[in-house]
Amino acid sequence: MPTTFRKSFISCLPYLVICIITLFYFVSIMQVPFHPDESTQLFNSYDVDTFFTDPLSMAWEPSIPLTVQMRYRMLDAPLTRYFIGIGRIISGQPAQTVDWNWSATWSENVNSGALPEQPQLLTARLSVAWVFPLMLLLFWHILSKNYGNLAGWIGILFLAGNSLILLHTRRAMAESLTVFFIVLCMWSIFFCKKHPWLLAIPVAFVFNAKQSTAIWIIVGILPVLLNFKNYIQHKFLVLKHILLYASIVAGVFFLINPFTWKHPVQSVHEALSLRQELVAQQVEDITRVSPQAALNSPLQRIVGIVGNLFFTAPAPLDTANYQVELAEQVNEYLSVPVNSFMRNFPGGSILLVFSLTGIYCALRGLIRNQKREEILLFIAGVLQFILLVLTVPLPFQRYVIPLIPGTIFFFAIGVSNLINLFFQFSQLQKLR
């Protein structure tokens, strides 16, 4: 094989592998068990139509009783329903006219029209899942350019093969866009050093994909501050960049959340109150139905987060609702080995140990004043973990999704470092 051709083939190989992985990802997308929240996202996707026809009608008014749609606008991040709405309009699919009712039986929901038709569901899933190959490309670029091709290979294979990624990002829900924009935030930390305020763009979008990623607003401003060594000398320039960063984050939020347009401060306060009420209601329901599942203490939440992140089997169902009706879909999905890859104690232990090894390498870099990007991602992971412990008393597995990109990032660093050390040691032994 000619040298030039071999080099070209090797350089193109990652992109070929990503294409093959993506093909599998999309071919089996409808084998993922249905989740009723997908119906709700389709129902809310009509906001796209309203946004372009009568946007001011989406603004919250304190004197008007909350409609179902307005309540969702104030409770949920908007990006997922916008992506689904745009995909639905492009494909010519109708909007879901009936929301899923969790207090009703499966038959009652089906008879009311709350279960999406297969073309609707496929369109909705593809509308958010199409970012998957872009996510892998960004992840490959981060690791291969900074830590070598070995780390890049480990990263994309274990991120793409992560059971929680395969399950939760192939549904018409918030997880797909959340993971993508987190990876875009990571990429921006490494490759937007000259203009760190640009990190505000992916930060704004990840927050509007899932509110539990709010820690990225804090993490995103750190590169802006670290870009200036002498704050006294550059105080006005620092202030300018901070204001620019904050303006982009706030501007994106208010632009794509029209419920804030008439009463910005009051509507945000009301939205926070509604979110607190929802969480309290969910905890009450979980405690009543499955009291052993409620995570009441910080220690229980830590154990629950670590268990869901590394060890527990994929959980297509958050609760026992509709367990019988979806049992066939769930069993068929879990029967495919790759869908449960490493979701056991040995596999989870390997992922945990090597992730901690990668974190150790990052902390050692802090001591040597190297790779500040690793430290920023470590801070992001710690803050995200703390936020989940403080604010999520529910055992739902998909809540740990924001931790997965960082976990795989440090896992790839840990494994590649150990492999490189092994080969270096082998070479030394041969020289002796």
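Reference entry: report on the structure contained in this document. Computed from a predicted structure; not experimentally measured.

1. Here's the deal with the nonpolar core
- If you look at the biggest cluster of nonpolar residues, it comprises 92 residues, and the most contacted ones within it are Trp216 and Phe409.
- Top element by residues in this core is helix H11 (residues 175-191). It accounts for eleven residues.
- Ignoring sequence-local partners within four residues, the contact set of Phe409 consists of Phe139, Ile142, Leu143, Tyr147, Met186, Phe190, Glu374 and Leu377.
- Core analysis: the second largest hydrophobic core is formed by nine residues, Phe34, Trp106, Leu121 and Tyr322 among them.

2. Regarding unusual backbone geometry
- Even without being glycine, Tyr322 reaches a positive phi, approximately 65°.
- Secondary-structure assignment places Tyr322 in the loop between helix H16 (298-311) and helix H17 (327-334).
- Residues other than glycine seldom take positive phi values, yet Met342 does so here, at roughly 65°.
- Assignment of secondary structure puts Met342 in the loop between H17 and helix H18 (345-367).

3. Some words on the environment of Cys19
- Relative to the elements of secondary structure, Cys19 occurs in helix H1 (residues 3-27).
- Residues Cys19 and Ala59, spaced 40 residues apart in sequence, show a C-alpha to C-alpha distance of 42 Å.

4. Description of the layout of surface pockets
- If you add up the space inside the second largest pocket, you get close to 440 Å³.
- The wall of the second largest pocket is formed by 24 residues, among which Ile359, Gly381, Val382, Leu403 and Thr407 lie closest to the centre.
- Every element with two or more residues in the lining of the second largest pocket is listed here: H11, helix H13 (215-226), H16, H18, helix H19 (372-391) and helix H20 (404-431).
- When residues in the lining of the second largest pocket are grouped by element, the largest group, seven residues, is from H19.
- A breakdown of the residues in the lining of the second largest pocket according to their chemical character gives 19 nonpolar, five polar and no charged.

5. Considerations on the side chain of Glu374
- One can find Glu374 in helix H19.
- Among all residues touching Glu374, those that are not within four sequence positions of it are Tyr147, Cys361, Ala362, Phe409, Phe410 and Ile413.

6. Some remarks on the packing of aromatic side chains
- The full count for this structure, using the stated rule, is 29 aromatic pairs.
- Both rings, one in Phe158 and one in Phe341, keep their centres 6.3 Å apart while their planes meet at 40°; by these two values the pair is tilted. Note that Phe158 is positioned in helix H9 (residues 149-160) and Phe341 in the loop between H17 and H18, a separation of 183 residues in sequence.
- Assessed through its relative accessible area of 41%, Phe341 is described here as partly exposed.
- On the basis of an interplanar angle of 55° and a centroid distance of 6.2 Å, the ring pair of Phe310 and Phe311 is categorised as tilted.
- Phe311 sits in the partly exposed class, given a relative accessible area of 21%.
- Of note, Arg170 hangs over the ring of Tyr25, and the distance from its end group to the ring centre comes to 5.4 Å.

7. Looking at a nonpolar patch on the surface
- A cluster of nonpolar residues, Phe9, Ile10, Leu16 and Ile20, forms a patch on the protein surface that exposes about 400 Å² of accessible area.
- With respect to the helices and strands, the residue Ile20 is situated in helix H1.
- Residue class for Ile20 comes out exposed when judged on its relative accessible area of 54%.

Calculation criteria
Residues numbered from 1 in each chain as written. Predicted model: local features only at pLDDT ≥ 70, side-chain atom pairs only at ≥ 80, totals over all residues. Heavy atoms only, no water. Core = buried A, V, L, I, M, F, W, Y, C linked by side-chain atoms within 4.5 Å. Buried < 20%, exposed > 50% of the residue type's maximum accessible area, 1.4 Å probe, protein only. Helix = DSSP H or I, 4+ residues; strand = E, 2+ residues; numbered from the N terminus. Contact = heavy atoms within 4.5 Å. 1 Å grid on protein atoms, 1.4 Å probe; cavity = no way out; pocket = protein on both sides within 12 Å on 5 of 7 lines; lining within 4 Å. Points joined across faces, edges and corners; volume = space filled by probe spheres on them. Nonpolar A, V, L, I, M, F, W, Y, C, P; charged D, E, K, R; others polar. Phe/Tyr/Trp six-rings, centres within 6.5 Å; stacked < 30°, edge-to-face > 60°. Lys NZ or Arg CZ within 6 Å of the ring centre and 35° of its normal. Patch = residues over 30% accessible without salt bridge, like charges linked within 9 Å, V, L, I, M, F, W, Y side chains within 5 Å. Areas by Shrake-Rupley, 256 points an atom, 1.4 Å probe, with all protein chains shown as cover. Salt bridge = Lys/Arg side-chain N within 4 Å of Asp/Glu carboxyl O.

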